[in-house]
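# Structural description and commentary
Okay, here's what each chain looks like letter by letter:
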Amino acid sequence: MERIEHRACAGGWQDVYRHHSTTLGCDMQFAVYLPPQAETRKLPVLYWLSGLTCTEQNFITKAGAQRYAAEHGVIIVAPDTSPRGDDVADAEGYDLGKGAGFYLNATQQPWAKHYRMHDYVAHELPALIEAGFPATDARGISGHSMGGHGTLVIALRNPGRYRSVSAFSPIVAPSHVPWGQKAFAAYLGDNPADWAQWDTCELVAHVSERLPLLVDQGEGDEFLHTQLQPQRLQQACDAAGHPLSLRLQPGYDHSYYFIASFIGEHIAHHARALYA
């Protein structure tokens, strides 16, 4: 593991590391913000999953999350959104291939060799963080858009691994919208039963753990009706009795202006659970 960026921020340090991922079979980068409290004790960790076309840089440079993490004493870890490298499969367009890993474990070729972002985020990366940084095993997870999809699915598929979960503008029903249908067909094949294992609205009906979901969605989001459809999540949670706080925010779009406006509330939400 090699540190490639080291910048003072909000009394702590915003770093970026490179390491070889055995899960993905390639070199990966992740960002880690260490608040000032990390100098003297171990802290809980909030994992942030970014959306289509992003890397580890988008969240750490645009969200303004570091000052809230410093206020609450929470480490933030932000991985890249897909495997990278010259031998990693890719596709034309922004919504498949590099930058569009969809936080699942691909089963179809040529994707299956490297595209195992679920296992990387849920298992390999936390093990690395908890062994190499002043981090406890108290974990929260949050994300945006494709990363919001990943956040909800990973939390639901891994009961007991996370104490808190939240999302901004998540793709809640990927089996029913163009972004998800394109990715699922490529990564998973054509069997709808295989898709259901990576679809939040399908998963909530079957999980045993009732971890509360906090979701913020901008009502001015340009993808609201075509790709996001949060009403599907509300209906699925109501039917399953799964706790959901879906907050529709008037005027806000899909951008980081939206995330920056409410990230402080989300970090406070996670801190309450992580320190409970």
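Refer to the preceding data block for the structure.
Everything numeric in this text was worked out from a predicted model, so none of it was measured. (Residues numbered from 1 in each chain as written. Predicted model: local features only at pLDDT ≥ 70, side-chain atom pairs only at ≥ 80, totals over all residues. Heavy atoms only, no water.)

## Considering the pattern of salt bridges
What counts is decided by this rule: A carboxyl oxygen of Asp or Glu within 4 Å of a side-chain nitrogen of Lys or Arg is what we treat as a salt bridge. Accessibility here uses a 1.4 Å probe with only protein chains present; expressed as a share of the type maximum, an area under 20% marks a residue as buried, one over 50% as exposed, and anything in between as partly exposed.
Counted according to the given criterion, the structure contains 9 salt bridges. Put simply, arginine 7 and glutamate 5 hold a salt bridge, and the shortest N to O gap is 3.6 Å. The class for arginine 7 is exposed, based on a relative accessible area of 52%. Residue glutamate 5 is classed as partly exposed on the basis of its relative accessible area, which comes to 21%. For aspartate 216, the salt bridge is made with arginine 247, and the minimal N-O distance between the two is 2.7 Å.

## Side note on the nonpolar core
In summary, soluble globular proteins display a tendency toward joint burial of nonpolar side chains. Applicable threshold: Residues belong to one nonpolar core when they are buried, are Ala, Val, Leu, Ile, Met, Phe, Trp, Tyr or Cys, and are joined through side-chain atoms within 4.5 Å. Throughout, a residue-residue contact means that at least one pair of heavy atoms, one from each residue, lies within 4.5 Å.
Judged by nonpolar contacts, the single largest core of 67 residues is most densely connected at Phe30, Val77, Phe102, Ile129, Ile141 and Tyr187. Those residues in contact with valine 77 that sit more than four places away from it in its chain are Phe30, Ala31, Val32, Val45, Leu46, Tyr47, Trp48, Leu125 and Ile129. In this structure, Leu46, Ile60, Ala69 and Ile259 belong to the second largest nonpolar core, which totals 25 residues.

## Regarding helix α10 (residues 256-274)
Worth spelling out the cut-off: To get the bend at a given residue, fit one axis to the seven residues ending there, fit another to the seven starting there, and take the angle between those axes. Strands here are runs of E lasting at least two residues and helices are runs of H or I lasting at least four, both read from the DSSP assignment and numbered beginning at the N terminus. Within 3.5 Å is the distance limit for a polar contact, defined as a pair of N or O atoms, with the added protein rule that one can donate a hydrogen and the other accept it, and that residues adjacent in sequence qualify only through two side-chain atoms.
The axis of α10 is deflected most strongly, by about 50°, at phenylalanine 262. Where α10 starts, the residue carrying a side-chain oxygen 3.2 Å from the main-chain nitrogen of tyrosine 257 turns out to be serine 255.

## Details of the sheet that holds strand β7 (residues 164-168)
As a reminder, the rule being used: Paired strands are those between which DSSP finds at least two bridges. To get an axis, fit a line to the C-alpha atoms, keeping to the stretch in contact for a helix; angles then go from 0 to 180 degrees between the N-to-C directions.
With respect to topology, 9 strands assemble into an open sheet ordered β1-β2-β3-β5-β4-β6-β7-β8-β9, the strand pairing being mixed. Each edge of the open sheet carries a strand with a single partner, namely β1 (2-9) and β9 (244-249). With direction set aside, neighbouring strand axes in the sheet form an average angle of 20°. The sheet contact formed by strand β4 (residues 43-49) and strand β6 (residues 135-143) spans 6 bridges and is parallel. Bridge pairing in β6 links leucine 46 to glycine 140.

The values are spatial; any link to function lies outside them.
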